[in-house]
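# Structural characterization, general
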Amino acid sequence: MAEPTTPLPLTASRADQIFPTLTPAQIRRIAAHGRARSVRTGEVLVEQGDKSIPLFVVISGELEAVRPSCAHETLITIVRPGQFTGEVNTLSGRRALARIRARQPSEVIELARQEVLGLVQSDGELSQILMRAFILRRAELFTQGIGDATLVGSNHSADTLRIKEFLTRNGHPYTYIDVERDADVEHLFEHFHVSVADIPVVICRGETVLRNPTNQEIADCLGFNQAVDQAHARDLVIVGAGPAGLAAAVYGASEGLDVLLLETYSPGGQAGSSSRIENYLGFPSGISGNNLAARAYIQAQKFGAEMLLAKGTRLTCDRKPYVVELENGSRIPARAIVIATGADYRKLAIENLAKFEGIGIYYGATFVEAQVCKGEEVIVVGGGNSAGQAAVFLSESTKHVFVLIRSAGLADTMSRYLIRRIEQTPNITLMPLTEIAALAGGDHLERVTWRNNQTGRTEEKNIRHVFVMTGAVPNTTWLNGCLVLDSKGFIKTGPELSAEELNTANWPLTRRPYLLETSLPGIFASGDVRGGNIKRVASAVGEGSIAISFVHQLLRD
Ligand SMILES: Cc1cc2nc3c(=O)[nH]c(=O)nc-3n(C[C@H](O)[C@H](O)[C@H](O)COP(=O)(O)OP(=O)(O)OC[C@H]3O[C@@H](n4cnc5c(N)ncnc54)[C@H](O)[C@@H]3O)c2cc1C
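Just so you know, these numbers come straight off a predicted model, no measurement behind them.

Definitions and limits used
Residues numbered from 1 in each chain as written. Predicted model: local features only at pLDDT ≥ 70, side-chain atom pairs only at ≥ 80, totals over all residues. Heavy atoms only, no water. Salt bridge = Lys/Arg side-chain N within 4 Å of Asp/Glu carboxyl O. Helix = DSSP H or I, 4+ residues; strand = E, 2+ residues; numbered from the N terminus. Buried < 20%, exposed > 50% of the residue type's maximum accessible area, 1.4 Å probe, protein only. Pairing = 2+ DSSP bridges. Axes fitted to C-alpha atoms, helices over the stretch in contact; angles between N-to-C directions. Contact = heavy atoms within 4.5 Å. Polar contact = N/O pair within 3.5 Å; in protein donor to acceptor, adjacent residues only side chain to side chain. Near = heavy atom within 4 Å.

### Brief notes about the pattern of salt bridges
Inspection of every chain in the model, using the stated rule, returns 32 salt bridges. The salt bridge partner of E73 is R99, with a shortest N-O separation of 2.6 Å. Taken together, the residues E73 in the loop between β4 (63-67) and β5 (74-79) and R99 in strand β6 (residues 99-102) connect sequence positions 26 residues apart. The exposure class assigned to R99 is buried, which follows from its relative accessible area of 17%. In this structure, E517 engages R511 in a salt bridge whose closest nitrogen and oxygen atoms are separated by 2.7 Å. When its relative accessible area of 0% is taken as the criterion, E517 is described as buried.

Given below as structure tokens:
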């Protein structure tokens, strides 16, 4: 039994939203979706690690949520009459993070996962109450490090940081034990027969010990993919869960399509790595990319979309249904596909680059960034047109722009008109044969060291803003030659495809491709991976949702 009788205190102040008490009328509406059940004192209704967890509403008596561990249990919360169990995994079908047990003889209403999905899709008021509670409960578990995973590591270990980021970006709560700081660690090492040489170590549900695991091994151990049926042909498979893929999932699933999302790493894509997106409609004070992605992901789940954390490694397009092959050898059949695999910005090979992304290192020069560095000296890295445009634009509002290029001049890489503008702008200085050697700072980038590759001379400058404009590489190598790409490897769609290209690609229909449709009927591309796309969160979201209207037309045809 749980040792303490007082649940863990909440870190958030919204207890009434995290553990709301339903009205009798609301309980009656929930009861119509489930069934009444009596439970005995001590009866376990959900065990940590169970799949497809039901939801329970307490009518009388009391339930408790506890976290089991090898030494003792932690009482997370007590669920009283009118309150309900459940959190994000109740929707996703992933494994239960806690044990749910009756503290007293109790009367409850039980809803299976599919019934919970039916309820949140059909009852607006209860959907709001349940969804808000699930999201806030997950945030609370995350903040307090209460879940089914324990990470033992060191803040000086790159793999520890990798695992922390992987779990965080996937919104999975975990307990962190630092070998350099936590007194408990010896006891843990002894219990699980591991040593400091094995770190980072991940312990799943107190049972399985993984030594320096890959992200995929962690996902498998925590059961991220176990609830997903990989065999049946979906109406729609979306490859990539950045803003474009998530938007396609929300619109597709909410409009009744059977949707599966495939994602290599975590929902959010590039946007997930942005500490604050300031220009996304409806968020005047900005929103972190991870927060936006987490909300979009749970929204997609609410409408029944499922996600596999797996990499699409090959598209098979010689017959229908099309098939996306995964790294583990699975084959996912699909009637329609939205490709939303985005692009990777070419990054600078500097060890602590990621630390300053969004707080001194930027990959776009818009009005927002220009405001942030108004009146200061800035650096633009790159010799292409995007770098030239950024330099000219930033010169209007900043004190000075240094353009760093590795080559001796711009003539081979930049349009003549931009080169002329750079030459004619007094507060732009071109720094040929120069690259960044080091970055330094605390909460923000403060100093940059650059090196002249001809002389070897280095110089440190108090510069707080660097614009990396070295181009983006589309994630299209896995497409197996199925689709027409542009000269830079981005996917061509709709009006971008010439009659000749369609001919060569054996386009089989009398109609031309729909907007966002590729050179294969039924395969669409949205977001940064698409040639000619405007690389913004809003345009990715817009394209992901527009693609769905064409998927409907196609499935009707
Ligand atoms: C640091 C940073 C800050 C930014 N800030 C802003 C901003 O403030 N405002 C703004 O409008 N834009 C911003 N952007 C640009 C914006 O994030 C992108 O335009 C947007 O994320 C593109 O969305 P997408 O869904 O098309 O692709 P992506 O975001 O690139 O997502 C693609 C997803 O596909 C997955 N994937 C790739 N290959 C495979 C595969 N084979 N199988 C399965 N999954 C795969 C990736 O893991 C990724 O999650 C920023 C970008 C960066 C890098």
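Moving on from the model shown.
### Some remarks on the sheet that holds strand β10 (residues 201-204)
Strand pairing within a sheet occurs via backbone hydrogen bonds; the two strands may be parallel or antiparallel. Read from one edge to the other, the open sheet built from four strands follows the order β9-β8-β10-β11, with strand pairing classed as mixed. Here the strands that pair on one side only, and so sit at the sheet edges, are β9 (175-178) and β11 (208-211). Averaged over neighbouring strand pairs, the angle between their axes works out to 20° when direction is ignored. Its contacts with the sheet put helix α6 (residues 158-169) on β8 (149-153), β9 and β10, and the angle it makes with β8 is roughly 155°. The strands that helix α7 (residues 185-192) touches are β8, β9, β10 and β11; relative to β8, the one it contacts most, it runs at about 110°.

### Some details on unusual backbone geometry
Here the bond from I199 into P200 is cis, since omega is 0°, no more than 30 degrees from zero. A cis amide bond links K320 with the next residue in sequence, P321, at an omega value of -5°. A positive phi angle, close to 55°, is found at N506, a residue other than glycine. Topologically, N506 is positioned in the loop between α14 (499-504) and β28 (523-525). Here N506 falls in the exposed class, since its relative accessible area comes to 62%. Here the phi dihedral of L516 falls at roughly 75°; this positive angle occurs in a residue that is not glycine. Structurally, the position occupied by L516 is in the loop between α14 and β28. The class for L516 is buried, based on a relative accessible area of 5%.

### Looking at the environment of T413
When you line up the elements, T413 lands in the loop between β21 (400-404) and α13 (416-424). The exposure class assigned to T413 is partly exposed, which follows from its relative accessible area of 46%. Through-space distance from the C-alpha of T413 to that of D344 is 20 Å; in sequence the pair is 69 residues apart. Setting aside residues up to four positions removed in sequence, T413 forms contacts with G383, G384 and N385. A distance of 2.7 Å separates the side chain of T413 from the backbone oxygen of G383, its partner in a polar contact.

### Let's talk about the site of the ligand
Near the ligand you find 33 residues, and of these A244, E263, Q270, N279 and D528 are the closest. In this structure, an oxygen atom belonging to the ligand sits 2.9 Å away from a main-chain N or O atom of A244. In the model, an oxygen atom of the ligand is placed 3.4 Å from a nitrogen or oxygen of the A271 main chain. Looking at the shell around the ligand, the elements that each hand over two or more residues are α9 (243-254), β13 (259-263) and α15 (537-556).

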